[in-house]
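Each chain, written out:
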Amino acid sequence: DAKTTQPNSMESNEEEPVHLPCNHSTISGTDYIHWYRQLPSQGPEYVIHGLTSNVNNRMASLAIAEDRKSSTLILHRATLRDAAVYYCILCGATNKLIFGTGTLLAVQP
Amino acid sequence: DGGITQSPKYLFRKEGQNVTLSCEQNLNHDAMYWYRQDPGQGLRLIYYSQIVNDFQKGDIAEGYSVSREKKESFPLTVTSAQKNPTAFYLCASSISDYRGTEAFFGQGTRLTVV
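Residues numbered from 1 in each chain as written. Chains lettered and ligands numbered in written order. Predicted model: local features only at pLDDT ≥ 70, side-chain atom pairs only at ≥ 80, totals over all residues. Heavy atoms only, no water.

What follows is about the overall build of chain A. The number of helices and strands found in chain A is zero helices and nine strands. The N-to-C order of helical and strand elements in chain A reads β-β-β-β-β-β-β-β-β. For a compact globule of 109 residues, the expected C-alpha radius of gyration is about 13 Å, and chain A comes in at 13 Å, within 12% of that figure. The proportion of buried residues among the 109 residues of chain A is 45%. A fraction of 56% describes how many contacts in chain A between residues 6 or more apart in sequence connect residues 24 or more apart. As displayed, chain A has an accessible area near 5400 Å², and 49% of this comes from carbon and sulfur atoms. (Helix = DSSP H or I, 4+ residues; strand = E, 2+ residues; numbered from the N terminus. Rg over C-alpha atoms; globule rule 2.2 N^0.38 Å. Buried < 20%, exposed > 50% of the residue type's maximum accessible area, 1.4 Å probe, protein only. Contact = heavy atoms within 4.5 Å. Areas by Shrake-Rupley, 256 points an atom, 1.4 Å probe, with all protein chains shown as cover.)

Listed below in structure tokens is the structure:
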């Protein structure tokens, strides 16, 4: 299974946009890019996923590089409730979600 | 409401005892998964099942066992062979090919072995 690389932590101010990067240079052509987030002592929550094109939903946007070797999760206006660990995951033919250590996002009021 | 339920939320056991964690889903999902999470770490895959009566080992299966007799249920047994069983355990479910869709997670069971 291909791996992802994310910064350990990031900080943002409330009401400002946040761009969370993810590198996945060994991605294969059929791997989907998934993002989940986890609040303390809770199970992960699905955020968004994509294959090649940029994606938008009510929670966030996903920008995928043209060569698919990197992607960026965009939270358009961070709130205190967005403080969590964000995981970027590749899901391929094995149908397994393999988690890395993620990015801990802190949101300052 | 459809969802995935783990019970209990907190579990305490004495060292050397086997313990079974429950995971039930009413989402009609074929695939189910068990993960372990240690403090400050990401999730590690223990076992997964793509269909009833079949399951595969994940990355850290030693000391654990599972069964998948019903589509809705995927219990995990932490055996006495697991050297460091104290952890946060998470169960998930999805349709069989979830590359293009989301997985749903339970709220977890925090197991403490004393």
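Moving on, we come to the sheet that holds strand β3 (residues 32-38) of chain A. Adjacent strands of a sheet pair through backbone hydrogen bonds, lying either parallel or antiparallel. Residues and elements named next belong to chain A. Read from one edge of the open sheet, five strands run β1-β9-β8-β3-β4, paired in mixed fashion. Two strands bound the open sheet, and with one partner strand each, they are β1 (9-13) and β4 (45-50). For this sheet, the mean angle separating the axes of adjacent strands, direction not counted, is 25 degrees. Where β1 lies against strand β9 (residues 103-108), five bridges are found, and the strand directions are parallel. Across the sheet, Glu11 pairs through a bridge with Ala106, a residue of β9. (Pairing = 2+ DSSP bridges. Axes fitted to C-alpha atoms, helices over the stretch in contact; angles between N-to-C directions.)

Throughout the structure, instances matching the rule amount to ten aromatic pairs over all chains. Ring centres of A:Tyr87 and A:Phe99 lie 5.1 Å apart, and the angle between their planes is 80 degrees; on these two criteria the pair is classed as edge-to-face. One end of the pair, A:Tyr87, is in strand β8 (residues 84-91); the other, A:Phe99, is in the loop between β8 and β9, with twelve residues separating them in the sequence. Here A:Tyr87 falls in the buried class, since its relative accessible area comes to 1%. Taken together, a centroid distance of 5.9 Å and an interplanar angle of 85 degrees make the contact between A:Phe99 and B:Phe105 edge-to-face. Taken as a pair, A:Phe99 in the loop between β8 and β9 and B:Phe105 in strand β10 (residues 104-105) lie in two separate chains rather than in one. In this structure an aromatic cluster arises from ring pairing among A:Tyr36, A:Tyr46, A:Tyr87, A:Phe99, B:Tyr35 and B:Phe105. The residue whose ring lies beneath B:Arg68 is B:Phe74, and the NZ or CZ to ring-centre distance is 5.9 Å. Residue placement shows B:Arg110 over the ring face of B:Phe88; its charged tip is 4.5 Å from the ring centre. (Phe/Tyr/Trp six-rings, centres within 6.5 Å; stacked < 30°, edge-to-face > 60°. Lys NZ or Arg CZ within 6 Å of the ring centre and 35° of its normal.)

So, on to the state of the cysteines. The final tally for this structure, using the stated rule, is two disulfides over all chains. Covalently, A:Cys22 is tied to A:Cys88 through a disulfide, its sulfur atoms 2.1 Å apart. Because the sign of the S-S torsion sets the handedness, a value of about -80 degrees for the bond joining A:Cys22 and A:Cys88 places this disulfide among the left-handed ones. With A:Cys22 in strand β2 (residues 18-23) and A:Cys88 in strand β8, this pair connects stretches of sequence that are 66 residues apart. Like A:Cys22, the residue A:Cys88 is buried in the burial classification. What pairs with B:Cys23 in a disulfide is B:Cys91, and their sulfur atoms sit 1.9 Å apart. Torsion about the S-S bond of the B:Cys23 and B:Cys91 cystine: about -75 degrees, corresponding to left-handed handedness. In this pair, B:Cys23 is assigned in strand β3 (residues 19-25) and B:Cys91 in strand β9 (residues 87-94), connecting sequence segments 68 residues apart. Of the residues examined, B:Cys91 reaches a relative accessible area of 0% and is grouped as buried. With no disulfide of its own, A:Cys91 lies closest to A:Cys88 among cysteine sulfurs, the gap being 12 Å. The exposure class of A:Cys91 is buried, given its relative accessible area of 0%. (Disulfide = S-S within 2.5 Å.)

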